[in-house]
Amino acid sequence: MNLILLGPPGAGKGTQAERLSRRFGFVQLSTGDMLRAAVKAGTPLGLKAKAIMEAGGLVPDEVVIGLIAERIDQPDCKKGFILDGFPRTTAQAEALDKMLEGRKLRLDKVIELKVDDAALTERIAGRFTCAKCGAGYNDLSKPTKVPGVCDACGSKEFSRRKDDNRETVVARLKAYHEQTAPIIPYYRARGRFVSLDGMADMDVVEAALVKSLAVMTNG
Ligand code: AMP
């Protein structure tokens, strides 16, 4: 099954994509993760993307389209994939259509996670991850059980994304409303679209997602 998770930064796309990927074996394709890996590795693409990402802007369409086109050709994507953070513009949505058509692949579902802007700033500013195993936490909604110790691996090292600060969030939300939200009617009009409440608890959102996929598989 090939899916798109749409929604503003902090809506829970990454968390839910990871959960669906664990549950069903679909591959999570996050352009944000791919770009962060390129920045970390200091590749030419990473050097180009770094300043844009830190300012909360969008990396040029051709860069992210190229990343996805290359990634969906990998054999593991045959099991199905979840696009998390892509497409983010009309040009990316159109390029994705062409890419899928050329490979005789179809989009089974587009899921929007709806969240209020006011809640997003708090959510994003509170995010942190274990530097060792990558487990995700939040100061407000999901702190570690023992302060300063990762629940999953016991590590005491944590990291925060450079763009997860209040100033950058404003720019990221602006980019979402101006450039990404306009693609929602495009997918809504084509059907196989569902809009879910991303304000609910993560487990509740996951259950709603799984239900919407089950409904589809059963007919
Ligand atoms: P994310 O992890 O999805 O929040 O993405 C982090 C940052 O990476 C965004 O704020 C953008 O600067 C960049 N980015 C990720 N995906 C895309 C995309 N599809 N198009 C343009 N820029 C992107």
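Residues numbered from 1 in each chain as written. Predicted model: local features only at pLDDT ≥ 70, side-chain atom pairs only at ≥ 80, totals over all residues. Heavy atoms only, no water.

Draft legend 1. Representation of the overall build of the chain in the model. Each helix and strand in the chain was counted, giving nine helices and eight strands. In summary, the chain has a C-alpha radius of gyration of 17 Å against a globular reference of 17 Å for 219 residues, a match within 12%. In terms of its C-alpha atoms, the chain occupies a principal-axis envelope of roughly 50 × 40 × 35 Å. Per-residue burial over the chain gives 44% buried out of 219 residues. The long-range share in the chain, meaning contacts at least 24 apart out of those at least 6 apart in sequence, stands at 71%. When the accessible area of the chain is evaluated, it comes to approximately 11,300 Å², of which 55% is carbon and sulfur surface. Looking at charge distribution, the chain has the averaged site of its 34 positive side-chain charges lying 3 Å from that of its 28 negative ones. (Helix = DSSP H or I, 4+ residues; strand = E, 2+ residues; numbered from the N terminus. Rg over C-alpha atoms; globule rule 2.2 N^0.38 Å. Buried < 20%, exposed > 50% of the residue type's maximum accessible area, 1.4 Å probe, protein only. Contact = heavy atoms within 4.5 Å. Areas by Shrake-Rupley, 256 points an atom, 1.4 Å probe, with all protein chains shown as cover. Lys, Arg positive; Asp, Glu negative; His and termini not counted. Charge placed at Lys NZ, Arg CZ, Asp CG, Glu CD.)

Draft legend 2. Focus on the site of the ligand. Surrounding the ligand, one finds 16 residues, the nearest of these being Thr31, Arg36, Gly57, Gly85 and Gln92. Between the ligand and the protein, one listed contact pairs a nitrogen atom with a backbone N or O atom of Val59 at 3.1 Å. Burial of the ligand by the surrounding chains reaches 96%, relative to a free accessible area of 480 Å². If one sorts the elements of the shell around the ligand by residue count, helix H2 (residues 31-41) sits on top with four residues. Of the residues belonging to the shell around the ligand, the class tally is six nonpolar, five polar and five charged. (Near = heavy atom within 4 Å. Polar contact = N/O pair within 3.5 Å; in protein donor to acceptor, adjacent residues only side chain to side chain. Nonpolar A, V, L, I, M, F, W, Y, C, P; charged D, E, K, R; others polar.)

Draft legend 3. The packing of H2 against helix H4 (residues 61-71), seen in detail. Between H2 and H4, whose axes approach to 10 Å, the crossing angle comes to 100°. When the axis of H2 is compared with that of H4, the two are roughly perpendicular. Counting all contacts with H2, which are made through Thr31, Met34 and Leu35, the residues of H4 involved are Val63, Val64, Leu67, Ile68 and Arg71. Of the residues contributing to the contact of H2 with H4, the split by class is six nonpolar, one polar and one charged. (Axes fitted to C-alpha atoms, helices over the stretch in contact; angles between N-to-C directions. Parallel < 35°, antiparallel > 145°, perpendicular 65-115°, else oblique.)

Draft legend 4. Broad picture of the pairing of strand E4 (residues 109-114). Buried residues dominate E4, accounting for five of its six residues. Note: E4 against strand E8 (residues 193-197), five bridges, orientation parallel. Considered in E8, the bridge of Leu113 is made with Leu196. (Pairing = 2+ DSSP bridges.)

Draft legend 5. Quick look at the packing of H2 against helix H3 (residues 44-55). It is at 8 Å that the axes of H2 and H3 come closest, and there the two elements cross at 115°. Here H2 is positioned roughly perpendicular relative to H3, judged by the angle of their axes. H2 and H3 meet at a crossing whose hand is left-handed. Every residue of H3 that contacts H2 at Gly32, Leu35, Arg36, Ala38 and Val39 is listed here: Leu45, Gly46, Ala49, Lys50 and Met53. Counted by class, the contact of H2 with H3 contains six nonpolar, two polar and two charged residues. (Left-handed = near helix turned anticlockwise from the far one by under 90°.)

Draft legend 6. Expanded view of the environment of Glu18. Tracing the backbone shows Glu18 in helix H1 (residues 13-24). A relative accessible area of 40% places Glu18 in the partly exposed class. In this structure the C-alpha to C-alpha distance between Glu18 and Gly126, which are 108 residues apart in sequence, comes to 19 Å.

Draft legend 7. Fine view of the sheet that holds strand E6 (residues 136-138). Pairing is antiparallel across the open sheet formed by three strands, whose spatial order is E6-E5-E7. Unpaired on one side and paired on the other, E6 and strand E7 (158-159) mark the two borders of the sheet.

Draft legend 8. Up close: the side chain of Asp84. Within the secondary structure, Asp84 sits in strand E3 (residues 81-84). Nearest to the buried, unbridged Asp84 among oppositely charged side chains is Lys13, at 5.0 Å. One polar contact links Asp84 to Gln28, side chain to side chain, over a distance of 2.9 Å. Contacts of Asp84, omitting those with residues within four sequence positions, involve Leu5, Lys13, Gly14, Ala17, Gln28, Leu29, Ser30 and Thr31. (Salt bridge = Lys/Arg side-chain N within 4 Å of Asp/Glu carboxyl O.)

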